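What follows is each chain in one-letter form.
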Amino acid sequence: SEGLGLSLAKQCFMKGANVTILSRSEDKLKKAANEIDGSGWGYVNYFACDLSKATVEEISNIAKEAEKKFGPIEILFNNAGFCQPGMFFEKQDKFDPLEAARQNMELNYFSNIKVCQAIGSLMMKRGKGRICFVGSVCSFMSIPGMSGY
């Protein structure tokens, strides 16, 4: 609903694709869907879902709902991610480095794997589809306070 995901959704939509987006925040999804809808010719669908807590089965059900509306999912841009900045060796009142690392792994890694399993299995059954894992430049650079990313 923001950042790379929103940019990718807009680009696909401008090329005529129907787009389904997922995010934790329904408010951000509504805003993103309105922004996307004004930029192209397809249709926009969205689902509020915390991928860090959702099961593969729950994600699969969302994918099936999206396919009911738009037909088979042809491309998956897997780009769920965030970083909670903070110094790794400095536990603070509102920042626990170990918990921050756990949350980062849950969303940035495991969530993307779960989405890949759920949607990839639908693609495998059809014998076609594309999956693209997307990350930001922050995942390739060393930046103080961003070691969890």
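The following paragraphs examine the structure supplied in this document.

Cut-offs used in this document
- Residues numbered from 1 in each chain as written.
- Predicted model: local features only at pLDDT ≥ 70, side-chain atom pairs only at ≥ 80, totals over all residues.
- Heavy atoms only, no water.
- Helix = DSSP H or I, 4+ residues; strand = E, 2+ residues; numbered from the N terminus.
- Buried < 20%, exposed > 50% of the residue type's maximum accessible area, 1.4 Å probe, protein only.
- Salt bridge = Lys/Arg side-chain N within 4 Å of Asp/Glu carboxyl O.
- Phe/Tyr/Trp six-rings, centres within 6.5 Å; stacked < 30°, edge-to-face > 60°.
- Axes fitted to C-alpha atoms, helices over the stretch in contact; angles between N-to-C directions.
- Left-handed = near helix turned anticlockwise from the far one by under 90°.
- Contact = heavy atoms within 4.5 Å.
- Nonpolar A, V, L, I, M, F, W, Y, C, P; charged D, E, K, R; others polar.
- Core = buried A, V, L, I, M, F, W, Y, C linked by side-chain atoms within 4.5 Å.

1. Let's talk about the environment of tyrosine 109
Along the polypeptide, tyrosine 109 turns up in helix α4 (residues 97–126). Of the residues examined, tyrosine 109 reaches a relative accessible area of 42% and is grouped as partly exposed. The spacing of tyrosine 109 and glycine 81 is 28 residues in sequence and 8.1 Å in space, taken between C-alpha atoms.

2. Points about the pattern of salt bridges
Inspection of the entire model under this criterion finds six salt bridges. With a closest N to O distance of 3.2 Å, lysine 68 and glutamate 65 form a salt bridge. Taken together, the positions of lysine 68 and glutamate 65, both in helix α3 (residues 56–70) and three residues apart, correspond to about one turn of that helix. On the accessibility criterion, glutamate 65 (40% relative accessible area) is partly exposed. Its salt-bridge partner being glutamate 67, residue arginine 126 comes within 2.9 Å of it at the nearest N-O pair. Of this pair, arginine 126 sits in helix α4 while glutamate 67 sits in helix α3, and the two are 59 residues apart along the sequence.

3. Considering the packing of aromatic side chains
The final tally for this structure, using the stated rule, is one aromatic pair. Aromatic side chains tyrosine 109 and phenylalanine 110 sit 5.0 Å apart centroid to centroid with 75° between the ring planes, which places their arrangement in the edge-to-face category. Its relative accessible area of 40% is what places phenylalanine 110 among the partly exposed residues.

4. Observations concerning the packing of helix α1 (residues 3–14) against helix α2 (residues 26–37)
The N-to-C vectors of α1 and α2 enclose an angle of 35°; their axes lie 9 Å apart at closest approach. Viewed along their axes, α1 and α2 form a crossing whose handedness is right-handed. Contacts between α1 and α2 involve Leu6, Ala9, Lys10 and Phe13 from the former and Ala32, Glu35, Ile36 and Asp37 from the latter. Class assignment of the residues belonging to the contact of α1 with α2 gives a composition of five nonpolar, no polar and three charged.

5. Looking at the nonpolar core
One finds Leu51, Ile59, Val115 and Ile119 to be the most contacted residues of the largest nonpolar core, which totals 16 residues. Only α3 and α4 provide two or more residues apiece to this core. For this core, the element with the most residues is α4, which contributes six residues. Excluding residues within four positions of it along the chain, leucine 51 makes contact with Leu22, Ile59, Ala80, Leu107, Ser111, Lys114 and Val115. Leu6, Phe13, Ile21 and Ala32 belong to the second largest nonpolar core, which has ten residues in total.

Worth remembering: the numbers are spatial, not functional.
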